[in-house]
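Each chain is listed here by its residues.
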Amino acid sequence: MKKYQIVLGQIMGIGSLVVFSLLIDYGLSFLTTGLLKWLGVLPICLGIKYWFDYYFRSKTDNSHLPKSIKYSRFTVIKILSICLLTISNGADNIGIYVPLFSQYNQAETVLTIVVYAMMTLLWCFTGYKLANLPVLKEKN
């Protein structure tokens, strides 16, 4: 898989999460802001549930391990695979983004989206540099 496919998939995945959050925020705009702040509790509850599931899982149960993703030769399929992986790993972020966006005006929302995009690019660059450290390459 090429670097640009991974970066583009990451950007599309984070962008999808932001768009979903903005749509949910728009749909919930008819509720009071006091009720929206409780959406931030949702990721905490999900984290506790997953921790209990992991903690009480049998040692021989390997169903929690991620399935290998079979990549097609087509670039679009590879990019969409990374995008879907990013969405599945970051879906709990919607519980944070919706209350956050509900308190921002339009300029603050645009600025936040630009910062998200820049930070995603920075994390991709940092991950690439870390993965190419000689110490880590020797472990493969």
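In this text, all values refer to a predicted model and were calculated from it rather than measured experimentally. (Residues numbered from 1 in each chain as written. Predicted model: local features only at pLDDT ≥ 70, side-chain atom pairs only at ≥ 80, totals over all residues. Heavy atoms only, no water.)

## A word on the overall build of the protein chain
- The helix and strand tally for the protein chain stands at seven helices and zero strands.
- With 140 residues in all, the protein chain has 21% of them scored as buried.
- About 10,600 Å² of surface is accessible on the protein chain, with carbon and sulfur atoms providing 69% of the total. (Helix = DSSP H or I, 4+ residues; strand = E, 2+ residues; numbered from the N terminus. Buried < 20%, exposed > 50% of the residue type's maximum accessible area, 1.4 Å probe, protein only. Areas by Shrake-Rupley, 256 points an atom, 1.4 Å probe, with all protein chains shown as cover.)

## Overview of the nonpolar core
- Counting ten residues, the largest nonpolar core is built from I14, L17, V18, C83, I87, I94, Y97, V98, F101 and Y116.
- Elements with a contribution of two residues or more to this core: α1 (3–27), α4 (75–90) and α5 (94–102).
- A per-element tally of this core places α5 first, with four residues.
- Those residues within four positions of I87 in sequence are excluded, and the remaining contacts are G13, S16 and L17. (Core = buried A, V, L, I, M, F, W, Y, C linked by side-chain atoms within 4.5 Å. Contact = heavy atoms within 4.5 Å.)

## Topic: the environment of I11
- With respect to the element layout, I11 can be found in helix α1.
- Every residue in contact with I11, bar those within four places of it in the chain, is listed here: A117, T120 and L121.

## A short note on the confidence of the model for the protein chain
- Residue-level pLDDT values for the protein chain average 80, and 81% of them are 70 or greater.
- Taking the mean pLDDT of every element in the protein chain, the minimum, 66, falls on helix α2 (residues 33–36) and the maximum, 93, on helix α6 (residues 106–131).
- Low pLDDT, under 50, characterises residues 65–72; the stretch is placed with eight contacts to residues that sit more than four places away or in other chains. (pLDDT = per-residue confidence, 0-100.)

## Focus on a nonpolar patch on the surface
- Taken together, the side chains of I44, I48, W51, F52, Y55 and F56 make up a nonpolar region of the molecular surface, amounting to roughly 690 Å² of accessible area.
- Residue position: Y55 is located in helix α3 (residues 41–55).
- Exposure remark for Y55: the relative accessible area of 51% places this residue in the exposed category. (Patch = residues over 30% accessible without salt bridge, like charges linked within 9 Å, V, L, I, M, F, W, Y side chains within 5 Å. Salt bridge = Lys/Arg side-chain N within 4 Å of Asp/Glu carboxyl O.)

## Some remarks on the environment of I14
- Within the secondary structure, I14 is located in helix α1.
- Classification of I14 as buried rests on a relative accessible area of 17%.
- A sequence separation of 79 residues divides I14 from N93, and the C-alpha atoms of the two residues are 9.6 Å apart.
- If we ignore the near neighbours within four places in the chain, the residues touching I14 are T86, Y116 and T120.

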